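Here's the letter readout for the chains.
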Amino acid sequence: MGKFDNKESVYKFVTRKKAKRNRGIPQWLQKEVDAEALGGGDFPCYHITLSGRTSDRKVFYLYDSEYCHPMADGEWRFIYDLMNIVDAEFYIPMYPLAPEHCCKDVFDMLIRTFSEYISGFDMNKVILMGTGTGAGNAVSLNMIAWQEGLPMPYKMVLLAPVLDAEYKDYELMVKMQRAKDWYSKASTSQGTIDFIRDYWIKDYEGKIEYTSPIHEKTNYLTGEVLVASGAKDCYNAHSRQFCRNMYDSGRKPFFFEYRNAGHAFYLNRKNSEATHLRKILQDYMTDSRNAIIDKYLYEVRHRGIISKRFPDIFKDDIATKFLANHKINYEDYKRRSEYRNLVSAATSRDYDDAVRLFLMEYPDSTVVYAGCSLDTMFERVDNGRVMWYNLDSPGRIAIRNMYTTDSCEREKIIDRSVNDLTWLDEIDCEIDKGLLFIFRDILTYYKEEEVKELLRILYDRFQGCNVLFEAHSYMELISSNRFAGRLGAEYRRRKFYMNYPASTIESWDPRYSVISSKPILDGIKISSGWSTKLKIMFHVRRLFQGTRIMRVRLGYEKFAALFEK
């Protein structure tokens, strides 16, 4: 019989494991911090500060107990590391645990502790933070605090949150089981489910704000919410669903998903994903951008630069205003040549013009901007009628949410990697009104067979759709990769090129039609303010026409253009 086959086996496993853990602060940590046990008794709330230091920033921290275990030593180390990088005082309640205590006991203690020790502070300096089951408790505590009229913390941090103790959603459990690891099997076994129901939930079954906050409304959560999860964690399904609920209610969480990470990955000091997350937490919890967020803003800075340098070609007012109002650390940015800046301005202009032309033809259409990153193309081209989807990885979308505000109800977010084609299921459109996919600076990193396969999938799903992307010649591909090599190893090399893009695409499938194939430097006039070197480069590259913006229709249109009506 396995140790998770029934609740009795789980009970024995929990009892043995609990006996091996110390419920207090580890001795090594006591030497590094000043600690005070508030409230005393069996369930104190530890107030911890770095030795000899105080801070007006307070963190109310709920650890991952898995409903029944004292805090692991690795989580104490994680807290200590956070204290050093975010300059905060931590309040850590040692809340009651199953099987001796239940959900009611936990929240009686948490509400009392939060009310007595936290609610008197400046809530603009208070962060509610939780990990695992503690993150689920943090969401519940936030909801209950609102219901009881308690002051609300201005930020919440949820790491690998566990949000459905009642396992009320069958589809959510199926997604958890797909992880197919030991943790998934243990978490979704019947023995674990029965143990949690009988020993932790008890009389609170059905009170989802306490037990399964993922099924409760998110409208009343605190101002800002950051969620981080590993894609290989079975509870990643909880994180995704919770963030989707927030988006649906008009809220914008900062969601970071780490592709190769499992549950509690953030505890591993040597893990690259954990290192990245700690830098994100440093910026988020201290209201700064110096640790890592500034590094994401290179494209904002770049668009601001080309807007100022080549205003007759391309203009991005949002980027320009952001740079004027925010100081960015430029030390890690690589300097680009004037020619590369000109090419970027021309490319941005041509993409914007191509989308505007499409919207003139199909004003009530749907546009999907794949790999949107921090670009604000929607604001530049919006016709007041288009339905727009910004698609990128959760981390990029989270940084985007910090940079700008997608406030229009016609502008939607899909937080998926472009390579994760499940995002196609998120597209809700009326195909007869027109559909355009934008793949700016995406397909050029694919192999030719991968590009052909992507177009085939789009054709099968959305016959008649349009696709917009750039096509490099072989010589331009070599030049771009040499430039990338000078920028550093972190820049990817391009793979896909077409010397004769129109004939090549139509040779792939006779049902594909090239609507337009525009060299990016066409229509640009030389300015007297350009350097001699830039003028020469411009003449040479325009002669070779190394990059074209392609608009391709996949299959026969099922809809009529505006001018045909």
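First, a word on scope: everything that follows refers to the structure included in this document. For every chain, the first residue of the written sequence is number 1, and numbering continues from 1 onward in sequence order. This being a predicted model, a pLDDT of at least 70 is required before a residue's local features are given, and a value of 80 or more before pairs of side-chain atoms are given or counted; all residues contribute to the totals for chains, interfaces and linings. In computing side-chain values, all of the structure's heavy atoms are included and hydrogens and water are not.

### A few points about the nonpolar core
- By size, the foremost hydrophobic cluster in this structure holds 116 residues, and its most contacted members are Trp 76, Phe 90, Met 129, Trp 200, Phe 242 and Leu 281.
- Counting residues per element, this core draws most heavily on helix 4 (residues 103-117), at 8 residues.
- Contacts are assigned to residue pairs with any non-hydrogen atoms lying within 4.5 Å of each other. When sequence neighbours within four positions are dropped, the list of residues in contact with Phe 90 reads Tyr 46, His 47, Ile 48, Val 59, Tyr 61, Ile 79, Leu 82 and Met 83. Think of a nonpolar core as a cluster: buried Ala, Val, Leu, Ile, Met, Phe, Trp, Tyr and Cys residues, connected wherever their side-chain atoms sit within 4.5 Å. Exposure categories follow from relative accessible area, calculated using a 1.4 Å probe and restricted to protein chains: below 20% of the type maximum is buried, above 50% is exposed, and the middle band is partly exposed. Labels follow the DSSP assignment, with helices taken as runs of H or I lasting at least four residues and strands as runs of E lasting at least two, numbered in each case from the N terminus.

### Considerations on the packing of helix 15 (residues 338-361) against helix 21 (residues 532-544)
- Helix axes are fitted only over the stretch in contact, all axes being lines through C-alpha atoms; the angle between N-to-C directions runs from 0 to 180 degrees. The N-to-C vectors of helix 15 and helix 21 enclose an angle of 50°; their axes lie 9 Å apart at closest approach. With respect to helix 21, the element helix 15 is oriented oblique. Here helix 15 runs over helix 21; the crossing is right-handed. Only Leu 534, Met 537, Phe 538 and Arg 541 of helix 21 make contact with helix 15, whose side of the interface consists of Glu 338, Tyr 339 and Leu 342.
- Charged residues are taken to be Asp, Glu, Lys and Arg, nonpolar residues to be Ala, Val, Leu, Ile, Met, Phe, Trp, Tyr, Cys and Pro, and polar residues to be all remaining types, Gly included. Residue classes in the contact of helix 15 with helix 21 are distributed as 5 nonpolar, no polar and 2 charged. Note on angle classes: values under 35 degrees are labelled roughly parallel, values over 145 roughly antiparallel, values of 65 to 115 roughly perpendicular, and the remainder oblique. In this scheme the handedness of a crossing depends on how the near helix is turned from the far one: anticlockwise by less than a right angle means left-handed, clockwise means right-handed.

### Digging into the pairing of strand 4 (residues 89-93)
- Here strand 4 lies mainly inside the structure; 5 of its 5 residues are buried.
- Neither face of strand 4 is left uncovered, since the one carrying Glu 89, Tyr 91 and Pro 93 and the one carrying Phe 90 and Ile 92 both have all their residues buried.
- For strand 2 (residues 45-50) and strand 4, the ladder comprises 4 bridges, and the chain directions are antiparallel. Within strand 4, the position partnered with Tyr 46 by the bridge is Ile 92.
- Two elements, strand 3 (residues 58-62) and strand 4, share 3 bridges in a ladder whose sense is parallel. Across the sheet, residue Val 59 finds its bridge partner in strand 4, namely Phe 90. Pairing between strands is defined by DSSP: at least two bridges between the two strands are required.

### Some remarks on the packing of helix 3 (residues 73-86) against helix 11 (residues 272-286)
- Axis separation between helix 3 and helix 11 bottoms out at 10 Å; the angle between their running directions is 50°. The angle between helix 3 and helix 11 places the two elements in the oblique class. As helix 3 runs across helix 11, the sense of the crossing is right-handed. Where helix 3 approaches helix 11, its residues Phe 78, Asp 81, Leu 82, Ile 85 and Val 86 are matched on the opposing element by Arg 278, Leu 281, Gln 282, Met 285 and Thr 286.
- Split into classes, the residues belonging to the contact of helix 3 with helix 11 amount to 6 nonpolar, 2 polar and 2 charged.

### Things to note about the pairing of strand 7 (residues 224-230)
- Along strand 7, 6 of the 7 residues are buried, which leaves the element largely enclosed by surrounding structure.
- Looking at chain direction, strand 6 (residues 155-159) and strand 7 are connected through 5 bridges and run parallel. Looking across to strand 7, one finds that Val 157 is bridged to Leu 226.
- Sheet analysis places strand 7 next to strand 8 (residues 254-258), joined by 5 bridges and oriented parallel. The partner of Val 227 across the bridge, within strand 8, is Phe 255.
- For a crossover, the right-handed case is the one in which the path from the first strand over the helix to the second runs clockwise, viewed with the strands pointing away from the viewer. Between strand 7 and its parallel partner strand 8, the chain crosses via helix 10 (residues 236-248), and the hand of that crossover is right-handed.

### What to know about helix 21
- Compared with an ideal rise of 1.5 Å per residue, which puts 13 residues at 18 Å, helix 21 spans 19 Å between its outermost C-alpha atoms and is within 8% of the ideal.
- Of the residues trailing helix 21, Gln 545 is marked for its positive phi of about 50°. In this analysis, the expected span of each helix is defined as 1.5 Å times one less than the number of residues it contains.

### Structural notes on the packing of aromatic side chains
- Pairing of aromatic side chains requires ring centres within 6.5 Å, counting the rings of Phe and Tyr and the six-membered ring of Trp. Pairs whose planes differ by under 30 degrees are stacked, by over 60 edge-to-face, and all others tilted. The tally for this structure, following the rule as stated, stands at 27 aromatic pairs.
- Arranged with centres 6.4 Å apart and planes meeting at 20°, the rings of Phe 437 and Phe 439 form a pair that is stacked. Each member of the pair, Phe 437 as well as Phe 439, carries the same accessibility label: buried.
- Any Lys NZ or Arg CZ found within 6 Å of a ring centre and within 35 degrees of that ring's normal is scored as a charge over the ring. Note that Arg 77 overlies the ring of Trp 28, its terminal NZ or CZ placed 4.2 Å from the centroid.
- Between the NZ or CZ atom of Lys 155 and the centre of the ring of Tyr 284, over which it lies, the distance is 4.3 Å.

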